[in-house]
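This is what each chain is made of:
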There are 2 protein chains.
Amino acid sequence: MGMPEQGWPIPRELIDLLSALRGSVLLLGHVQPDGDLLGSQIGLGLALRNAGAQVTLAGPQAVPDLFRFLPGAELVEQWEAAPGPFDLVILGDCPDPSRTHGLLAGARGVATRIVNIDHHPDNKRYGDVNWIEGESSATGEMVYDLIQALGLKVTPEIATNLFTAIHTDTGSFRYSNTTPRALRIAGDLVAQGAHPELVAGALYEGRKPDDLWRLGSLLGQVEVSPDGLVAWLALPHGSVPEAFVEAEDLVTYPRSIASVKVAVLLREAAAGRVKVSLRAKGEVNVGKIAAAFGGGGHANAAGCTIAGSLEEARAALLRSVSEALGKR
Amino acid sequence: MGMPEQGWPIPRELIDLLSALRGSVLLLGHVQPDGDLLGSQIGLGLALRNAGAQVTLAGPQAVPDLFRFLPGAELVEQWEAAPGPFDLVILGDCPDPSRTHGLLAGARGVATRIVNIDHHPDNKRYGDVNWIEGESSATGEMVYDLIQALGLKVTPEIATNLFTAIHTDTGSFRYSNTTPRALRIAGDLVAQGAHPELVAGALYEGRKPDDLWRLGSLLGQVEVSPDGLVAWLALPHGSVPEAFVEAEDLVTYPRSIASVKVAVLLREAAAGRVKVSLRAKGEVNVGKIAAAFGGGGHANAAGCTIAGSLEEARAALLRSVSEALGKR
């Protein structure tokens, strides 16, 4: 394991850049922001703001309802276009700048410096400073190290954001990226004011009775391949509310079947476009499968968008999964 | 918080007793063993056995299928009666010796010493040595401290047992007992060979497709009080397999509704006997409600058995919950 107990080795250039901040700083998110992106963005944003920096937080989408509990979520602006160049732009948990939907290009002036902090191994290294740690449990873990290295205070608000980042990216400390460091840092963050029960309550106990009954109905629609190795759930366009899909990590249910090696969630986003989430249990690299469809991600968790009907996307994807399983 | 970073203060007598073990040692469980009981029992049992003690592990029930993955689970014997007295009997996570179904009495000779290690504040202190820490996240956390204090090695097998104990009693690090220490010790245990993804896989991904469809159907049967404060699920006798109920923490689903303050699972165990699990979100002490029905537990998680039909038990219990909510 390339996982130092002292913390990840932070590029000297990054420390220098953030130690003497002058001018405007943009912390930029991307489409479909998750807990690690938002927790890292807001956590680092608050720390730099508390240190006196002139900080803006923005992204191409509004903060999903599910993550509005994060202290500072109200600071994240939703932009269709960047209002002009910033002196420094920091992206966290963003492997590909195309996911900013043009905001990075719009925020970039001739003298702008771009900082790219991420734990996705397939990160495109598009920054002037790239700090990529593919073995970190979450970008939030790296941001915790960075805040410490900068000598900044971890307030309870920052702790809650970074705890949420690590909690969500480790699947509530259940995935194989739940390293000793991830757990110990989570412990430090609780000591510094994060409340696990409030984070978990916001993430998992925000259901309405209708949501629970809807989930029950969807579980009845999970399908399993005859050999038991693949399970999937296919949602036609408009069949379930968007906020419900954001709140429920639906792919965990087909994944929870013991025989299943690859779990798939297919969501018809609009006519002719199907969003796909893939989860694997170690034997197949779903990051490669997603990449073949123009997507990306980790070996055990990946996603892509497929053009076609729900049925066409399902057939194409399951064919690809089946081939990958055959090559084991 | 009465939670020392150095570890809980272990009674000197306990250290002395376990440092120089001679004779027969019984680690005794109780009915309806959970992850903390079994993880503590097996974890400590393995550590003492590795130190050369003559160790027996037993309980009144077989290890549930759900926990058969614990390394050493095969050592736990199921007894109807104790085969005779032991020199030392250690009970962990057992607040009330009546839950051993007579095994403690049967294992007790004139010279037997009883050790009682527990984190339930309502523990009846029935031991010759009682070590009770009501603020410890799990008995497994105390056992970790004890093993360290005894200078014994934490093998990967022991780490897996103690990690499971803490994982299950903190609800996958989601409950309010998820302290900095619980997380840091979990990190230490991963460093010593526990694999969070294997533990979580065994606990949450052992479903058959039928289990998933059955769960879906049950979610449709969750009922909610008109004021939204109470939600419950009532299972008639024989309506779902026993192993399914053991594997699924069904009460978490009614609990997951945002408006709900008290969640209830009622299971008709046999004609005229209904087992009840109660969960609260801080505003009502369900331990007191359960105690009024002859049960017990924590403020946020408790259980009892009610005589009567499923409908009678439901009515009596919801009346009691409603009264407690009215007194807030």
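Each remark here, short or long, concerns the structure printed above.
Keep in mind the model is a prediction, meaning the values are calculated, not measured. (Residues numbered from 1 in each chain as written. Chains lettered and ligands numbered in written order. Predicted model: local features only at pLDDT ≥ 70, side-chain atom pairs only at ≥ 80, totals over all residues.)

This part takes up the overall build of chain A. Each helix and strand counted, chain A has 12 helices and 12 strands in total. Over its C-alpha trace chain A gives a radius of gyration of 20 Å, about what one expects of a compact globule, namely 20 Å for 328 residues. Sequence-distant contacts in chain A: of pairs separated by 6 or more residues, those separated by 24 or more amount to 66%. (Helix = DSSP H or I, 4+ residues; strand = E, 2+ residues; numbered from the N terminus. Rg over C-alpha atoms; globule rule 2.2 N^0.38 Å. Contact = placed C-beta atoms within 7 Å.)

Sheet strands pair by backbone hydrogen bonding; their relative direction is either parallel or antiparallel. All names here are of chain B. The strand order β3-β2-β1-β4-β5-β6 describes an open sheet built from six strands, whose pairing is parallel. The open sheet is flanked by β3 (76-78) and β6 (129-132), the only strands paired with a single partner. In this sheet, adjacent strand axes meet at a mean angle of 25° when their direction is disregarded. Judged from the five bridges that link them, strand β1 (residues 24-28) and strand β2 (residues 54-59) form a sheet pairing that is parallel. Directly across from Val 25, in β2, lies its bridge partner Val 55. Of the strands in this sheet, β1, β2, β3 and β4 (86-92) touch helix α2 (residues 35-50), which is tilted by about 165° from β2. The strands that helix α4 (residues 139-149) touches are β4, β5 (108-118) and β6; relative to β5, the one it contacts most, it runs at about 110°. (Pairing = 2+ DSSP bridges. Axes fitted to C-alpha atoms, helices over the stretch in contact; angles between N-to-C directions.)

At the interface, 38 residues of chain A touch 38 residues of chain B. Looking at the side of chain A that touches chain B, the elements that each hand over two or more residues are α6 (180-191), α7 (196-204), α8 (209-219) and α10 (252-255) of chain A. A per-element tally of the side of chain A that touches chain B places α6 of chain A first, with eight residues. Taken together, the residues that form the side of chain A that touches chain B break down as 20 nonpolar, 10 polar and eight charged. (Nonpolar A, V, L, I, M, F, W, Y, C, P; charged D, E, K, R; others polar.)

So, about the relation of the copies chain A and chain B. Structural alignment of chain A on chain B gives an RMSD of 0.1 Å, achieved by rotating through 180° and translating 0.0 Å along the axis. Within this description, the copies of the chain are treated as partners about a two-fold rotation axis. Relative to the rotation axis, the C-alpha of Gly 216 of chain A is the closest in chain A, positioned 1.8 Å from it. Interface overlap between copies: 100% of the residues of chain A at the interface are likewise at the interface in chain B, consistent with a symmetric, same-surface contact. (Least-squares fit on C-alpha atoms with pLDDT ≥ 70 in both.)

For the rest of this paragraph, the subject is the sheet that holds strand β11 (residues 296-297) of chain B. Residues and elements named next belong to chain B. Spatially, β7-β8-β9-β10-β12-β11 is the arrangement adopted by the six strands of the open sheet, whose pairing is mixed. Two strands lie at the open edges of the sheet, namely β7 (223-224) and β11, each paired on one side alone. The strands that helix α12 (residues 310-326) touches are β8 (230-235), β9 (262-270), β10 (273-280) and β12 (301-307); relative to β9, the one it contacts most, it runs at about 155°.

Tracing the backbone shows Arg 184 of chain B in helix α6 (residues 180-191). Residue classification places Arg 184 of chain B among the buried positions, given that 20 C-beta atoms sit within 10 Å. C-alpha of Arg 184 of chain B to C-alpha of Ala 165 of chain B: the two residues are 19 residues apart in sequence and 14 Å apart in space. Every residue in contact with Arg 184 of chain B, bar those within four places of it in the chain, is listed here: Leu 183, Arg 184 and Gly 187 of chain A. (Buried ≥ 20, exposed ≤ 12 C-beta atoms within 10 Å, placed from the backbone.)

Among the residues of α7 of chain A, those classed as buried are Pro 196, Val 199, Ala 200 and Gly 201 of chain A. At its buried positions, α7 of chain A is contacted by α5 (156-169) and α6 of chain A.

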